[in-house]
Every structure is written in C-alpha cells, then in structure tokens.
Amino acid sequence: MRTLPMMLMPMLTLGGIAATCWAQQPETEVRPVTETIHGQPVTDNYRWLEGDNSDPSNMGLVNDEVGAWTDAQNSYTRSVLDNLPGRKALEERLRELMEVPGIGAPSVYGNRYFYSKREGTQPQSVRYVRDGLDGDDRVLLDPRAIDPSGLTTVSWTAPNKDGSLMAFGMYKSGDENSTLYLMDVVSGEWLADVIPGKVYFSQWLPDNSGFFYKRLENLEDPYSGVVKLHKIGTHHREDQVLFRQHDIEFFYGDLNKTEAELEALKTTWGPFGMPSEDGRWMIVSYWTGTAGVDLWVADLNLWFRTSELKLVPMAIGKMGRIGGVHFDGDRLIIQHSFDAPNGAVSSIDLTNPGFDNWQTVVPASDNLVIEGVSFARGILAVDYLENAKTRIALFDYAGKSLGDLDLPGIGTGGLTVSDDRTTGFLSFSSYNMPRSIYRVDLATGERELWARPDVPVDPSTIEVSQVWYDSKDGTPISMARTRRFCTATGALISARRRTSRRRCSRGTKTAGSTRSPTCVAAASTATLGTRPGCSKRSRMCSMTSSPRASGSSTMGTPIRTNSGSRAAPTAGCSPARWLCSVRTYLAR
C-alpha cells in the first residue's frame, strides 16, 4: 500500500502559508450595529451577514450581498486549498478510504434474511431480503428510489415472525418524525396502512393481524406519547389506546407521589410497552429520568377481554436501565443495571414479579461491563466490555456457563440471533479488519465469513495486539497496538515511528520445548538499553517458535500481552522463521 511520505506534512503546511500570503484575501465590510443588552452596550460589526431579517417569521434569508460575500470567500478558500502540494494525492487516497462499502448483519424471520447494505458512493443504506441463506438478494427499500432528492431516510424496519410482512418507518429532511408504513414482503407492495407521528414499533400480534406501537399525538408536544394497538386494514384513528404519557395518574396514582414529582414525570422520555410474542404479557416501562426507569407487568389476556390494563409493579424507584428481554412463557429474562452498575441478567416470575423475587441468571461483575444480551434457542449470549474489547460469554437460560464464543481477534463485535435457532450472525471489526459479518453456530462454535466489504488496504499486513503497562500507582493500563508486521521477505516493519528497548530472554522451557536466547524489541517510549546476552552490533532477533504459541508479543516488552487479530503471514514469513531487524525498525 502506498503512503504519503512524512516530509509531505511540513510541505503542506508551508504550502498553505505561502498560498495564504500570495492570494488576495477578500475584505469583509464592517457595519457596526450597537444594542443594549442587560444594560450593557453590545456592538456587532457583521450583523449584515445574517442576511435579510425584514420578515420576523422568516429571518436570515440570503440576499444578493451575502451571496456575493459567500462566493468570494469560497473562491479564496479554494485558491488556497487546491494549490497545496500533495493535496490531490491526499484527497484521492482519503476518498478511496472513506468510500468503503458497508453491510449489516442479517436478522432472520422464518426463512427470510433481512439486512442492509451500502455501496461506497451511496449516501444511505438499501434494505434487502433474501429467501434462504443462499437465496438471491432482493431490494425492499431504496431511499434514493423512493425519493430522488435524497431527503428521505428509512429509520427502522420490523418484519413479522415469518417474514411475510414488514412495518417500517421513514422521515424526511432530518426531522426524525417517522411515519409508519406496511409492506407485503412477498410481493414488495406497500399496504394502505399509514401511521404518522414519530412512530416507534413495539410488537406484532401472534396472528399477524396487527401490532402494538407508540407515537406522538401532537408533534408539537414531545410528551404526548401514546401506546396503541393497530389492526391491519383500519385507519389509525380507530386504534385502541393502552395508555398515554399525559395520564400520569394511571402509572403513579397509588404511589404517593407529590404534585411536583408528577409534573416532573410528565416531561421525561415517558412510557413504553414491550409485549410478549404470544400476546400474553406486556412489560410497561416509564422513564423517570435519563438514568432511571420504573417497570410494571400487565396481563394482556385481561386487557383483550375487558379493556382494563392492570399494572403490577416489578421495579419502582430504582436507578438503572434495562436492555435485552426475552419472554419464556410466564418467565422473563432481562438485562438491567438495577443495583448492578456494570449490568446483570435476572429471571422474573411474571406471576410474582416484585423486585425482591428476581433471581440472578448472570451476576454483576466488578471487571466486566455488560453491553448487550442476545437470546438464541436455549442459549443466552452476553456481550461484555472487557479491557476495552469485546468478549462474548455463553450461558444457558438457568445461568450455567457454556464458555466463550471464539472471536476473530481483538476488536468490537456483536451478535444478531433469533430465539428459534442456535445459528446467528456476528458483526466484528478491528483496527485491521473492516466490519465483517460471520455466520456462527452458538451450539458448536462454528464460524464462517458471510460478508466483508472490499477495502483498499491489505489487512494481512497489519497486526493488532493488546499490551499492558503499570502506572506509577500500580494500576494496569492497556494499550491497543497496531502495526504492519511483515513484508514479503519476512522483515517486520513498524506501522509508526517510535523508540524501542530490548528485552533479552534466556533459554526458557515451555510446554516441553526450549526457546533460544531472544532479543525482543519493545514498542514503548523507554530508552534503548542493552543487557547481557545481546549483541550491540547484530540486533537481529530470532523467534524459534510462533509468538502466538509462546504467548509473547514479537515486539512487546510487557509480558502480559493479548494476541490480536491478524491474517496468516505473507510468503516468506512463517512463524517458525520470525525474523525482525531492530536496526530497520529503529531507522523507521
């Protein structure tokens, strides 16, 4: 991969200074306007640049003189930037790197695979469906085809259980006020049902005859949320109401809240409903602030029969948030941070849902932060943040450990799974790997690459590892290290300039084998030193075994090193012949 020489950066700087000196910068006329604000005179020399403010209802219109000033400034800017030496090469390379395609992990409904994909030059992702794992891709929603102006965004999609229908939201001009639409996935036709009002989808009915959702009754009032049930083929004005945010007494009328507390609750993110797929239960949540949520459970069978939604408290007055949930009959498994700042997973008997009766499935950890939970068939996958990288641990629904999911390396990942199968998709990215999608089987651990965008970088030349250092007070500090580790001739090349020190290890027996005395070049800021057994002249280091097998980083002084993601070495660079020239390394 060709890179711009380091000397180009000062050239760019000097070129910019020269261009600034030589070009004639357009002058900006000063027209002082003085106002008295809070008893103090305030002068604005450039009020005229605000444009035409003659109409109080439509201020700031660009007039001819502001347009002319803007054109002159842009022309001057281009005369400076476009003449910088090396700019064209830099721009071309950056464009090549920025216009990298992207693909999302599929969500599986029935035998249909729904996912999004964006080519490098596309401003928005296109939504696709595939019948079967190896079926042909078919476009469902292309924002540019829907609106050639490019102002329409597809904000969310929600297929039903068998993938035959799909609800989706769209908004225009960035207002994020999504309108809900319905599509027949088989034919691709849009149904007549349309629901406006910043809609959030909740859950389909078991027979696919309708769905629960939340919307704003008044777009001018962000606290006018209402949760309703829509039946397909009817107008949304006929939809049955379950609860409204304005009806604050419905949630807190018997909890001895003061009037001030009730008024404050009216201006939070408000309530939401999460029904079970079988239509038996609904978890009702109400945000008490940005860091707290109250929970109730309601029997939907009772509501369907009598239109009475009776709330039974689950967790009231707790600080914390909730994450993934899974209904298992009359049992709920839920990710939360109540009394567990790093997160925990609990099991709740919905017939006896009080917080004191919750049972721990995955306990909280002092060192691991739960970032997400996924539910496959009989398998609970917990996405941990551990030492600034992803770790995915597997459990059964009773909390028994099933081990960890093997990941492609050090990086960031997440699962997309369905509760009716053990297979799913892993999204993973790292410093040397674009966002890649793997098909995984959580039961067997099998993993195969499903999709990865083509990028103008050779990932096989980049190694990512994690090293540890002790701070002055003894606190271990981790650092992710990215480097180009190998050329075609076997020489290790650093991806960045840095000083080094060497650590010499005498012959050490490990697992029945002996490592020869070795000089290990360390990526650190310490001063280069020499120790007995290392030749000052010949700084050639030879590893008789793969650094992966030994558990040591090729260029890492810290013993505590987590091996990262890297492809197999290029030709002539086998792990058994791992040669690195420290002289070359330092020279760079």
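Look above for the structure.
The model shown is predicted, which means the values in this text are computed figures rather than measured ones.

## Focus: the pattern of salt bridges
Following the criterion strictly, the structure yields 24 salt bridges and no others. Glu-263 serves as the salt-bridge partner of Lys-266, at 3.0 Å between the closest nitrogen and oxygen. The class for Lys-266 is partly exposed, based on a relative accessible area of 26%. Salt bridges sharing partners connect three or more residues here, namely Glu-35, Asp-44, Arg-47 and Glu-50.

## Examining the side chain of Ser-374
Residue position: Ser-374 is located in strand β24 (residues 369-376). Sequence-distant contacts of Ser-374, defined by excluding residues within four places in its chain, comprise Ile-379, Leu-380, Ala-381, Leu-415 and Val-417.

## Remarks on the packing of aromatic side chains
Remark: the centre distance and the inter-plane angle together describe each pair of aromatic rings, the angle taken between the planes. A complete count under the given rule lists 28 aromatic pairs for this structure. A ring pair is formed by Phe-212 and Phe-304, whose centres lie 6.5 Å apart and whose planes are at 55 degrees; its orientation type is tilted. You can see Phe-212 sitting in strand β13 (residues 210-216) and its partner Phe-304 sitting in helix α7 (residues 300-306), a full 92 residues away along the chain. Of the residues examined, Phe-212 reaches a relative accessible area of 1% and is grouped as buried. Classification of Phe-304 by relative accessible area gives partly exposed; the value is 42%. Taking the centre distance of 5.2 Å and the plane angle of 75 degrees together, the rings of Trp-269 and Trp-287 count as edge-to-face. Remark: Trp-287 occurs in strand β17 (residues 281-287) and Trp-269 occurs in the loop between α6 (259-265) and β16 (270-275); sequence separation between them is 18 residues. Judged by its relative accessible area of 17%, Trp-287 is buried. Taken together, the ring pairs connect Phe-243, Phe-250, Phe-251, Tyr-252, Tyr-286 and Trp-296 into an aromatic cluster. Above the face of the Trp-281 ring, Arg-280 is positioned so that its terminal group lies 4.0 Å from the ring centre.

Analysis parameters
Residues numbered from 1 in each chain as written. Predicted model: local features only at pLDDT ≥ 70, side-chain atom pairs only at ≥ 80, totals over all residues. Heavy atoms only, no water. Salt bridge = Lys/Arg side-chain N within 4 Å of Asp/Glu carboxyl O. Buried < 20%, exposed > 50% of the residue type's maximum accessible area, 1.4 Å probe, protein only. Helix = DSSP H or I, 4+ residues; strand = E, 2+ residues; numbered from the N terminus. Contact = heavy atoms within 4.5 Å. Phe/Tyr/Trp six-rings, centres within 6.5 Å; stacked < 30°, edge-to-face > 60°. Lys NZ or Arg CZ within 6 Å of the ring centre and 35° of its normal.

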